[in-house]
Amino acid sequence: GRPVEVQEILDEVRASGPLDMRSKAQIDLHKARASIAMGQRDVARQLLVTATSGFESIKDRQGGLDAKASIARVSRLDGHFVEAANYYAEMLDTPKVDRTTQIHALVGLIEMRIEINQLEGLEENLVRLHELARGSGDTRNIAESTYVAGLLHLRLRQLVLAERHFRTARALAATLG
């Protein structure tokens, strides 16, 4: 909740001495997230591109996924929905992606493809999302996948199904407080 302070601390860490590539990429990633919080999306994008390169150069798969997720978020905030969808798809194409990252990427991909009205093949993605969410055992994931299903049904003008999914998602979310 205090992005300016976060950036100042990260600048101090960077200036403290030589850092390895992973540390530099992590600093860029966190500075980018603080920049996003401050509405500085152009600065964030530049930091994220640098972070992604750093993570890829040392073959840090999870770091690269985290950076791509943040770039997708910036793209989404800027209204570049096709670009955001492409980043989410890249995340899903990465080998050995953990369940939580797959869920996050599928939610983003489905939402972006609904936004750009690119609906072909989304049913398969939705089935995959539901399976991953149920397999996670996390009610938040199940609620989110149910909500995304509601969005798709709404776009397809299947209003009864959309309402049922939205009500179910709300009921699931209510159990979480």
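Here the structure is a predicted model, which is why all the values come from computation and not from measurement.

**Overview of the overall build of the protein**
Each helix and strand counted, the protein has 9 helices and 0 strands in total. Each helix and strand of the protein, placed in order from N terminus to C terminus, yields the pattern α-α-α-α-α-α-α-α-α. Reported as C-alpha extents along the three principal axes, the dimensions of the protein are approximately 60 × 35 × 30 Å. A burial count over the protein gives 40% of its 177 residues as buried. In the protein, once contacts between residues fewer than 6 apart in sequence are set aside, the share between residues at least 24 apart is 50%. As displayed, the protein has an accessible area near 9900 Å², and 51% of this comes from carbon and sulfur atoms. Of note, the protein has its 24 positive side-chain charges centred 3 Å away from the centre of its 24 negative side-chain charges.

**Here's the deal with helix α2 (residues 21–37)**
Relative to the 24 Å expected for 17 residues at 1.5 Å per residue, α2 spans 25 Å between its end C-alpha atoms, a close match to the ideal helical length. Those residues of α2 lying buried are Ala25, Ile27, Asp28, Leu29, Lys31, Ala32, Ala34, Ser35 and Ile36. Summarising the contacts, the buried residues of α2 are in contact with α1 (3–15), α3 (41–57) and α4 (61–77). Gly39 sits one or two residues past α2 and shows a positive phi near 80°.

**Comments concerning the packing of α2 against α4**
It is at 11 Å that the axes of α2 and α4 come closest, and there the two elements cross at 20°. The orientation of α2 relative to α4 falls into the category roughly parallel. As for how α2 packs across α4, the hand of that crossing is left-handed. Mapping the contact onto sequence places Leu29, Arg33 and Ile36 in α2 and Asp66, Ala67, Ser70, Arg73, Val74 and Leu77 in α4. When its residues are assigned to classes, the contact of α2 with α4 shows 5 nonpolar, 1 polar and 3 charged.

**Description of the side chain of Lys31**
Along the chain, Lys31 turns up in helix α2. Its relative accessible area of 16% is what places Lys31 among the buried residues. Among all residues touching Lys31, those that are not within four sequence positions of it are Gln7, Leu10, Asp11 and Leu47.

**Concerning the environment of Thr175**
Within the element layout of this structure, Thr175 appears in helix α9 (residues 159–175). Look at Thr175 and you get exposed, because its relative accessible area is 60%. Placed 121 residues apart in sequence, Thr175 and Gly54 show a C-alpha to C-alpha distance of 41 Å. Engagement of the side chain of Thr175 in a polar contact is seen with the backbone oxygen of Leu172, the distance being 2.5 Å.

**Focus on unusual backbone geometry**
Glycine aside, the phi torsion of most residues is negative, and most peptide linkages are trans. Even without a glycine there, the phi angle at Lys96 is positive, about 60°. Among the secondary structure elements, Lys96 is positioned in the loop between α5 (81–93) and α6 (99–115). Overall, the relative accessible area of 72% leaves Lys96 in the exposed class. Even without being a glycine, Asn117 presents a positive backbone phi close to 60°. One can find Asn117 in the loop between α6 and α7 (122–136).

**Quick look at the packing of α6 against α7**
In the contact formed by α6 and α7, the axes pass within 10 Å of each other and the chain directions differ by 150°. Our classification of the angle between α6 and α7 gives roughly antiparallel. Both α6 and α7 take part in a crossing whose hand is left-handed. Of the residues in α7, those in contact with Arg99, Gln102, Ile103, Leu106, Val107, Leu109, Ile110, Arg113 and Ile114 of α6 are Leu122, Asn125, Leu126, Arg128, Leu129, Glu131, Leu132, Ala133, Gly135 and Ser136. Looking at the contact of α6 with α7, its residues break down into 11 nonpolar, 4 polar and 4 charged.

Criteria and thresholds
Residues numbered from 1 in each chain as written. Predicted model: local features only at pLDDT ≥ 70, side-chain atom pairs only at ≥ 80, totals over all residues. Heavy atoms only, no water. Helix = DSSP H or I, 4+ residues; strand = E, 2+ residues; numbered from the N terminus. Buried < 20%, exposed > 50% of the residue type's maximum accessible area, 1.4 Å probe, protein only. Contact = heavy atoms within 4.5 Å. Areas by Shrake-Rupley, 256 points an atom, 1.4 Å probe, with all protein chains shown as cover. Lys, Arg positive; Asp, Glu negative; His and termini not counted. Charge placed at Lys NZ, Arg CZ, Asp CG, Glu CD. Expected span 1.5 Å × (residues − 1). Axes fitted to C-alpha atoms, helices over the stretch in contact; angles between N-to-C directions. Parallel < 35°, antiparallel > 145°, perpendicular 65-115°, else oblique. Left-handed = near helix turned anticlockwise from the far one by under 90°. Nonpolar A, V, L, I, M, F, W, Y, C, P; charged D, E, K, R; others polar. Polar contact = N/O pair within 3.5 Å; in protein donor to acceptor, adjacent residues only side chain to side chain.

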